[in-house]
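Geometric and topological summary
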Amino acid sequence: MENQITCTEIYESALAMIGERCAAQNADYAERAPYLLAAFCGEAGGIDRLYRKAKGCGEQPEFGAVMIELASHFPLSSRFFGPASLYLAAMLVLDEDEELSDRLYGRYCDAMSAICSEVGATEKIIDVYQY
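The rules behind the values
- Residues numbered from 1 in each chain as written.
- Predicted model: local features only at pLDDT ≥ 70, side-chain atom pairs only at ≥ 80, totals over all residues.
- Heavy atoms only, no water.
- Helix = DSSP H or I, 4+ residues; strand = E, 2+ residues; numbered from the N terminus.
- Buried < 20%, exposed > 50% of the residue type's maximum accessible area, 1.4 Å probe, protein only.
- Contact = heavy atoms within 4.5 Å.
- Axes fitted to C-alpha atoms, helices over the stretch in contact; angles between N-to-C directions.
- Parallel < 35°, antiparallel > 145°, perpendicular 65-115°, else oblique.
- Left-handed = near helix turned anticlockwise from the far one by under 90°.
- Phe/Tyr/Trp six-rings, centres within 6.5 Å; stacked < 30°, edge-to-face > 60°.
- Core = buried A, V, L, I, M, F, W, Y, C linked by side-chain atoms within 4.5 Å.

**Considerations on the overall build of the chain**
Secondary structure assignment for the chain yields four helices and zero strands. Listing every helix and strand of the chain by position from the N terminus yields α-α-α-α. By the burial criterion, 39% of the 131 residues in the chain qualify as buried. Sequence-distant contacts, at least 24 apart, represent 74% of the contacts inside the chain between residues at least 6 apart.

**Some remarks on the environment of Gln 4**
Looking at the element boundaries, Gln 4 is found in the segment before helix H1 (7-17). Here the alpha-carbon distance between Gln 4 and Phe 74, two residues 70 residues apart in the chain, equals 7.4 Å.

**Quick notes on the packing of helix H3 (residues 81-92) against helix H4 (residues 98-119)**
Axis angle and axis distance: for two packed helices, these are the angle between their axes and the distance between the axes, and together they describe the pair. Relative to each other, H3 and H4 sit at 155°, their axes nearing to 8 Å. Of the possible angle classes, the one that applies to H3 and H4 is roughly antiparallel. Note that H3 runs across H4; the crossing there is left-handed. Note on element contacts: H4 touches H3 through Ser 101, Leu 104, Tyr 105, Arg 107, Tyr 108, Ala 111, Met 112 and Ile 115, opposite Pro 83, Leu 86, Tyr 87, Ala 89, Ala 90 and Met 91.

**What about the packing of aromatic side chains?**
In total, this model carries six aromatic pairs according to the counting rule given. Aromatic pair Tyr 51 and Phe 80: ring centres 5.9 Å apart, planes at 85°, arrangement edge-to-face. Of this pair, Tyr 51 sits in helix H2 (residues 27-55) while Phe 80 sits in the loop between H2 and H3, and the two are 29 residues apart along the sequence. According to the relative accessible area criterion, Tyr 51 is buried, its value standing at 11%.

**With respect to the nonpolar core**
Judged by nonpolar contacts, the single largest core of 37 residues is most densely connected at Tyr 11, Ile 18, Phe 40, Phe 74, Phe 80 and Leu 88. For this core, the secondary-structure elements that each account for two or more residues are H1, H2, H3 and H4. When residues of this core are assigned to their parent elements, the largest contribution, nine residues, is made by H2.

Here you go:
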């Protein structure tokens with residue numbers, strides 16, 4: 001089953017996390033969000049591919065390495081919705097509210113760690129001692 005979440009939904013979730021209500025009134029955030037989402041997807045893409053393999057999901061669709069339009073579908077698994085929202089929120093307020101940004105980024109790191117633990121080991125363990 002393909003992901004039906006849009007990048008706009010992630011953007012709106014991020015705005016809610018930072019206390020912004022109206023997406024239309026945030027021209028600066030709306031301008032930066034497509035680039036930040038592409039950065040997130042670039043960083044998390046490898047983990048998403050492992051997650052898809054572990055869960056038996058389909059292939060990861062291609063996405064822009066520099067920019068992902070807000071109107072487009074989120075290219076990673078829906079499991080990455082939360083971490084993407086946290087990352088985007090943290091990056092949007094980085095210059096304005098460093099303390100809030102740090103808290104959100106910490107939550108993003110925790111969320112990504114949880115996903116990594118769901119994936120588990122991907123390499124075969126080799127017994128080099130042969131006992």
